[in-house]
Amino acid sequence: MAAEEKWKGGASKQHSGSEQATAKEPCVLLGQQLGEPGRFAYAALCGISLAYLFPEEEQSSFRTEFIEGFVKWLDLPDTVLPAMTAFASGLGGEGTETFSQILLKDPILKENPVAVTQNLLSFSLRDGYYDARARVLICHITWLLRIPLEELEVLEESLLETLKEQKEEESETAEISRKKKERRKKLKRYLLIGLATVGGGTVIGLTGGLAAPLVAAGAATVIGSAGAAALGSTAGIAVMASLFGAAGAGLTGYKMKKRVGAIEEFEFLPLTEGKQLHITIAITGWLCAGKYGSFTAPWSSLLHSSEQYCLAWESKYLMELGNTLDTLLNGFVNIMAQEALKFTVLSGIVTALTWPASLLTVASVIDNPWGVCLHRSAEVGKHLAHILLSRQQGKRPVTLIGFSLGARVIYFCLQEMAQEKDSEGIIEDVVLLGAPVEGEAKYWKAITKVVSGRIINGYCRGDWLLGFVYRTSSVQINVAGLQPVDLDDRRMVNMDLSSVVNGHLDYMKQMDTILKAVGVKTKECQLEEKGRSSLFSPPAKKSQQAAGSESREEENTVREEDAADGE
């Protein structure tokens, strides 16, 4: 509790001017300072939100455990537990606005409603485990109370800094003792960890079952990892090791030790240098010579989290595919295909009957590398699932973003995770752009089990390439990258990108524009639109197209009008 109070006091320093005075005091022990009506409304709001966000039967234990722990956290009497459990089971949803108003009228929160977000974050991290469902809930409550979502980012960064600072508070005696132990165990650490470094001293090749205290004691000087530098005190070791994984190496700590099935290449490359309580993994769909010859190139503007990775996979095959696409699509085939499109893709249903013979003569040039990459992307996705299930990234939420075959990797990752136990609470949001996967809703239903936040399907009806590569299907097939996925679930958000994507190659070349269109934060957005993070904003019920907040609805309207004008 002392560490928590220290962080709460420190977090207030992140705010400027008048906020400094109001933020510190209310944040100390919010549950004790709120009046009883405020505490009741606070818990009720969380219960109702849990039922809205995670109504599925398989989520019932999460809802129950969360609300029971939260009632104790707020020092509410046990007599209110049946009511809160009922709220978390789906009753009382119509009281959301009433409870929000009661909570905001509490004197403690009138000047500083951010204290609610801070308190919820403290509760969610009390065991050193940041469940993706808890983060989605925090975002939802923050939105209901009209608090800018950037405040959550500030609080998460503040907490991270506090955990790092705990190391610096060691007494001189403790520090001397630690250094002695460090020297004695230095050789043992080298043998256990199997140190190897890349780039700026990032740790790779860590063994799985390493004891956290062993790695933590002096790990910064031995390993040189930014994450390991955060460890030092008992509290720091416990929380950091849990959140960030052994030695805090993050996903760059994983490298495929041997070939897995047909997979020849699988590695995480850092896109940013920071550490964060939630991470983003971007997955590229193909490679091509020149500007887009690296996995990281399309993601230069991505800034969804200050800790981001890019998955490097099967580069030899993706380069071959990319060069083939460039050769064909930049030539006469592209012109013919645009004409063929008028006859071949009807309402997103692909048919194999009317492609012109002149186009079919060059089909084998595309079919072979495409077919190879289709198979390998599925295998890579399944492998990624087991990496995430093993918590190589630590116990914190993960957002996945990918285009083309990268989106296919994500799709098969989620399908694989859905078949495993304890797969909930890892994935926060997923963004699939131009995905060459099945678009029938029944195949996407399983994914909702493992995604806590949003499933965004970005599609383009005029993407003739996707239509062409699926032309030989023995049955008519719906392709997610060509049309909406008609899944009745609050997580599912379909985004028509036809106004910004003219063809499949644009998913790589127009990525910055596409990310903004689907509400993913970019470097430019951070400068221009602080506080807006539409990926998390709750949608209106039964509305799959809305991204939730008023600003997102306005953007969708403009985009739909643009698309209509284009047609």
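This write-up is about the structure you can find in this document. Because the structure is a prediction, the values reported are computed rather than measured. (Residues numbered from 1 in each chain as written. Predicted model: local features only at pLDDT ≥ 70, side-chain atom pairs only at ≥ 80, totals over all residues. Heavy atoms only, no water.)

## A closer look at the overall build of the protein
Then step 1. Check the secondary structure of the protein and you find 26 helices and 11 strands.
Then step 2. Residue burial in the protein is summarised as follows: out of 567 residues, 57% are buried.
Then step 3. Excluding contacts between residues fewer than 6 apart, the proportion of contacts in the protein whose partners are at least 24 apart in sequence is 78%. (Helix = DSSP H or I, 4+ residues; strand = E, 2+ residues; numbered from the N terminus. Buried < 20%, exposed > 50% of the residue type's maximum accessible area, 1.4 Å probe, protein only. Contact = heavy atoms within 4.5 Å.)

## A short note on the sheet that holds strand β11 (residues 492–496)
Then step 1. Here seven strands make up an open sheet; going across it, the order is β3-β5-β4-β8-β9-β10-β11 and the pairing mixed. Each having just a single partner strand, β3 (266–270) and β11 make up the two edges of the open sheet. The mean angle between the axes of side-by-side strands here comes to 20°, regardless of whether they run parallel or antiparallel.
Then step 2. Bridge count for strand β4 (residues 279–283) against strand β5 (residues 308–313) is four bridges, and the pairing is parallel. Looking at the pairing, Ile281 lines up with Tyr309 of β5.
Then step 3. Sitting on the sheet, helix α20 (residues 405–418) is in contact with β4, β5, β8 (398–403) and β9 (427–433), with an inclination near 140° to β8. (Pairing = 2+ DSSP bridges. Axes fitted to C-alpha atoms, helices over the stretch in contact; angles between N-to-C directions.)

## Structural notes on α20
Then step 1. The end-to-end C-alpha separation of α20 is 20 Å, in line with the 20 Å expected for 14 residues at 1.5 Å each.
Then step 2. For α20, a buried count of 13 out of 14 residues is recorded, marking the element as mostly surrounded by other parts of the structure. (Expected span 1.5 Å × (residues − 1).)

## Brief notes about the pairing of β9
Then step 1. Judged by how many residues are buried, β9 sits mostly within the fold: seven of seven residues are covered.
Then step 2. With five bridges joining them, β8 and β9 adopt parallel strand pairing. Bridge assignment links Phe403 to a residue of β9, and that residue is Leu433.
Then step 3. Remark: the β8/α20/β9 crossover connection has right-handed handedness.
Then step 4. Bridging between β9 and strand β10 (residues 455–459) involves four bridges; their strand directions are parallel. Bridge pairing in β10 links Leu432 to Asn457. (Right-handed = clockwise from strand over helix to strand, strands pointing away.)

## Thoughts on the environment of Asp488
Then step 1. Its place among the elements puts Asp488 in the loop between α22 (464–469) and β11.
Then step 2. Residues Asp488 and Lys445, spaced 43 residues apart in sequence, show a C-alpha to C-alpha distance of 9.0 Å.

## Quick notes on the packing of helix α4 (residues 36–53) against helix α10 (residues 132–144)
Then step 1. Orientation of α4 relative to α10, taken along the N-to-C sense of each, is 120°, at an axis distance of 10 Å. One way to sum up the angle between α4 and α10 is to call them oblique. Taken as a pair, α4 and α10 cross one another with a handedness that is right-handed. Residue-level inspection shows Leu45, Cys46, Ser49, Leu50, Tyr52 and Leu53 of α4 in contact with α10, the latter providing Val136, Leu137, His140, Ile141 and Leu144.
Then step 2. Looking at side-chain class alone, the contact of α4 with α10 contains nine nonpolar, two polar and no charged residues. (Parallel < 35°, antiparallel > 145°, perpendicular 65-115°, else oblique. Left-handed = near helix turned anticlockwise from the far one by under 90°. Nonpolar A, V, L, I, M, F, W, Y, C, P; charged D, E, K, R; others polar.)

## Let's talk about unusual backbone geometry
Then step 1. Non-glycine residue Ser404 carries a positive phi angle of around 50°.
Then step 2. Mapped onto the elements, Ser404 comes out in the loop between β8 and α20.
Then step 3. Classification of Ser404 by relative accessible area gives buried; the value is 0%.
Then step 4. Even without being a glycine, Asp422 presents a positive backbone phi close to 55°.
Then step 5. Checked against the element boundaries, Asp422 lands in the loop between α20 and β9.
Then step 6. The exposed category is assigned to Asp422, whose relative accessible area is 65%.

## A look at the packing of α4 against helix α7 (residues 96–105)
Then step 1. For the pair α4 and α7, interaxial distance at closest approach is 8 Å and the crossing angle is 145°. Considering the relative orientation of α4 and α7, their crossing is left-handed. Two secondary-structure elements touch here, α4 through Pro37, Gly38, Phe40, Ala41, Tyr42, Ala44, Leu45 and Ile48 and α7 through Thr96, Phe99, Ser100, Ile102 and Leu103.
Then step 2. Here the residues of the contact of α4 with α7 are counted per class, giving 10 nonpolar, three polar and no charged.

## Description of the pairing of β10
For a regular strand, the rule is simple: side chains alternate between the two faces of the sheet.
Then step 1. Buried residues dominate β10, accounting for five of its five residues.
Then step 2. Both faces of β10 are covered, namely the face carrying Ile455, Asn457 and Tyr459 and the face carrying Ile456 and Gly458.

## Focus on the nonpolar core
Side chains of a nonpolar character, in soluble globular proteins, are inclined to be buried together.
Then step 1. With 88 residues, the main nonpolar core has Leu388, Leu400, Ile427 and Trp444 as its most contacted residues.
Then step 2. Excluding residues within four positions of it along the chain, Trp444 makes contact with Tyr411, Leu432, Val437, Glu438, Gly439, Ile455, Asn457, Ala480, Val485, Leu487 and Met492.
Then step 3. Core analysis: the second largest hydrophobic core is formed by 52 residues, Cys46, Met84, Leu109 and Leu144 among them. (Core = buried A, V, L, I, M, F, W, Y, C linked by side-chain atoms within 4.5 Å.)

Take it as geometry only, folks, not as evidence of what the structure does.
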